[in-house]
Amino acid sequence: MDWKHATSLFIFVFLIINIALGYIYYEKVQRANIVEDTSSEKLDFKKEGIKLTKLPSVENVKMNIVSGKSAGFTQSSSDFEKKSEELSTVTKVEIKPAIKLTSIQEDDIIKGIKNYLLTEIDKGKEYTLSGIDRANKNLYFDQMYGEYPILNNDKAQIKFSYNAKNEITSFEQTYLKDIQEGLGKNNEKKKVIPAKEALEVLYYQTKLERGDQVMSVRLGYYSIVREVRGQVLKPTWQISVRKKDASIETYYVDAVNPEQPIL
C-alpha cells in the first residue's frame, strides 16, 4: 500500500466531513434564528393587507383531548328491543306545524327556534347555531361540550331544513355521548394559544395572503379520529377566510400544539 497516498486520502476525507458538518451546523443555526426572529416579530395584519374580524379572548383557558361515542336513537317500538350499538345514530323528524321564521338571519333564527330546541328536542339546549346554508336551505347547530362547540362534525349536530317561505319543516339530529377527558400525563390540560397566534401560524405557512379577509374565528373541538361509533377530538381553532378571489376556505389550527399540521 502507498501510505503517502493513503494518508493524503484520509486527510481529504476528514476535511470533507468537517466541511459537511460545518455546513449542517450553519443551516441549523440559521433555521433557529429564523424561528426566533419570526416568533419575536409583531405581525401587523393591517399592514399586510389582511382584514380581521373581532378575535375571541382565551386568557387563562386550558383544554385537552376528549373522546366520545355516538348515541343511538329509538324511532319505533321495535327499537326498544335493540342493543344500543344496533340503533341508528341519526334521528329524522318532520316538524308539524312548521316553524315560521321572520328571516334567515342569525338573530331571527335563534329567536324563532329557541323554544322548540328547549322543549321538543332531546338535549336541544346543548346545541348552538353554527352555520347557514342558504343554497340548500339548511341551518346547522353544533353540539357543545362545556363552553365550546364540536366543530364541523356530522355526528354531533342538528340540521334543520326550511322552505321558500322561511318555514322550518324538519330536522336531523346526531349526538356524541359519554364525552370525557383523556387520562395520563400526556393529556394534561394545556393553555390555549391566542387567536392571533393561530392566524400567525396560517400567515407564516402562506395560508393567509394580502387581500384575504378573516370572516370568523371559533375555538372548539375537532375530530382527529372518527370511527363508526367513537371519536377523539382535540382543542382547535376554526378559521374561516374569504380569499381575494372571493372563495371561502376553512382552516383548523391545533389550539394547544400549533406546530401540528394545519387541517
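Residues numbered from 1 in each chain as written. Predicted model: local features only at pLDDT ≥ 70, side-chain atom pairs only at ≥ 80, totals over all residues. Heavy atoms only, no water.

Colleague: How should I be thinking about the overall build of the protein in this particular structure?
Modeller: Scanning the protein from terminus to terminus reveals 3 helices and 13 strands. Looking at the protein residue by residue over its 263 residues, the buried ones come to 34%. Across the protein, every contact between residues at least 6 apart in sequence was considered, and the portion connecting residues at least 24 apart equals 61%. When the accessible area of the protein is evaluated, it comes to approximately 16800 Å², of which 52% is carbon and sulfur surface. (Helix = DSSP H or I, 4+ residues; strand = E, 2+ residues; numbered from the N terminus. Buried < 20%, exposed > 50% of the residue type's maximum accessible area, 1.4 Å probe, protein only. Contact = heavy atoms within 4.5 Å. Areas by Shrake-Rupley, 256 points an atom, 1.4 Å probe, with all protein chains shown as cover.)

Colleague: What should I look at first to understand the packing of aromatic side chains in this one?
Modeller: How two aromatic rings sit relative to each other is given by the distance of their centres and the angle of their planes. One pass over the full model with this rule turns up 8 aromatic pairs. A centroid spacing of 6.2 Å and a plane angle of 75° characterise the contact between Tyr-116 and Phe-171, whose relative ring orientation is edge-to-face. Taken together, the residues Tyr-116 in helix H2 (residues 106–120) and Phe-171 in strand E8 (residues 167–173) connect sequence positions 55 residues apart. Residue classification places Tyr-116 among the buried residues on the basis of a relative accessible area of 16%. Residue classification places Phe-171 among the buried residues on the basis of a relative accessible area of 5%. Taking the centre distance of 5.5 Å and the plane angle of 70° together, the rings of Tyr-145 and Tyr-221 count as edge-to-face. Separated by 76 residues along the polypeptide, Tyr-145 in strand E5 (residues 138–145) and Tyr-221 in strand E11 (residues 213–226) bring together distant segments of the chain. Accessibility expressed as a relative area gives 22% for Tyr-145, which makes it partly exposed. In this structure, Arg-226 is placed above the aromatic ring of Tyr-222, and the distance from its NZ or CZ to the ring centre is 5.9 Å. (Phe/Tyr/Trp six-rings, centres within 6.5 Å; stacked < 30°, edge-to-face > 60°. Lys NZ or Arg CZ within 6 Å of the ring centre and 35° of its normal.)

Colleague: Which parts of the structure should I look at to understand the layout of surface pockets?
Modeller: Which parts of space are left empty comes out when a probe the size of a water molecule is rolled across the atoms. Counted as a void, the largest pocket has a volume near 840 Å³. If you trace the largest pocket, you find 30 residues lining it, with Leu-129, Ser-130, Gly-131, Ile-132 and Arg-218 closest to the centre. Here the element with the most residues in the lining of the largest pocket is strand E4 (residues 127–133); it accounts for 7 residues. Class assignment of the residues belonging to the lining of the largest pocket gives a composition of 13 nonpolar, 10 polar and 7 charged. (1 Å grid on protein atoms, 1.4 Å probe; cavity = no way out; pocket = protein on both sides within 12 Å on 5 of 7 lines; lining within 4 Å. Points joined across faces, edges and corners; volume = space filled by probe spheres on them. Nonpolar A, V, L, I, M, F, W, Y, C, P; charged D, E, K, R; others polar.)

Colleague: Sorry if this is basic, but what is going on with the side chain of Gln-143 here?
Modeller: By secondary structure assignment, the location of Gln-143 is in strand E5. Residue Gln-143 is classed as buried on the basis of its relative accessible area, which comes to 1%. In terms of polar contacts, Gln-143 uses its side chain to reach the backbone amide nitrogen of Leu-176, at 2.8 Å. Among residues more than four places away in sequence, those in contact with Gln-143 are Glu-126, Tyr-127, Tyr-148, Pro-149, Ile-150, Ala-156, Gln-157, Thr-174, Tyr-175, Leu-176 and Ile-179. (Polar contact = N/O pair within 3.5 Å; in protein donor to acceptor, adjacent residues only side chain to side chain.)

Colleague: Looking at this structure, how should I read the environment of Glu-86?
Modeller: By the element assignment, Glu-86 lies in the loop between strand E2 (66–70) and strand E3 (91–100). Given the relative accessible area of 48%, Glu-86 is considered partly exposed. Between the alpha carbons of Glu-86 and Gly-72 there is a distance of 7.6 Å; along the sequence they are 14 residues apart.

Colleague: What's the story with the pattern of salt bridges in this structure? I'm lost.
Modeller: If the charged atoms of two oppositely charged side chains come close together, the side chains can form a pair. One pass over the full model with this rule turns up 7 salt bridges. Between Lys-69 and Asp-178 there is a salt bridge, with its nearest N and O atoms 3.4 Å apart. One end of the pair, Lys-69, is in strand E2; the other, Asp-178, is in strand E9 (residues 176–181), and 109 residues separate them in sequence. Overall, the relative accessible area of 46% leaves Asp-178 in the partly exposed class. Ionic pairing is found between Glu-200 and Lys-196, a salt bridge with its closest N-O pair at 2.9 Å. Taken as a pair, Glu-200 and Lys-196 lie in helix H3 (residues 195–204) at a separation of 4 residues, close to a single helical turn. (Salt bridge = Lys/Arg side-chain N within 4 Å of Asp/Glu carboxyl O.)

Colleague: Sorry, what's going on with H3 here?
Modeller: Along an α-helix, a turn takes 3.6 residues, which lines up residues three or four apart on a common side. The set of residues buried in H3 consists of Ala-195, Ala-198, Leu-199, Glu-200, Val-201 and Leu-202. Contact partners of the buried residues in H3: E11, strand E12 (230–242) and strand E13 (248–254). Following H3 by one or two positions, Thr-206 adopts a phi angle in the positive range, close to 60°.

Colleague: What is the right way to look at H2 in this model?
Modeller: Between the first and last C-alpha of H2 there are 20 Å, a value that for 15 residues agrees with the 21 Å anticipated at 1.5 Å per step. Every buried residue of H2 is listed here: Ile-109, Ile-113, Tyr-116 and Leu-117. (Expected span 1.5 Å × (residues − 1).)

Colleague: I would appreciate a short explanation of unusual backbone geometry in the present structure.
Modeller: Peptide bonds are, in most cases, trans, and in most cases residues other than glycine have a negative phi. Residue Pro-97 is reached from Lys-96 by a cis peptide bond, and omega for that bond is -5°. Of note, Pro-97 is situated in strand E3. Positioned with a positive phi, Asn-60 is a non-glycine residue whose angle comes to about 70°. On the secondary structure map, Asn-60 appears in the loop between helix H1 (3–40) and strand E1 (62–63).

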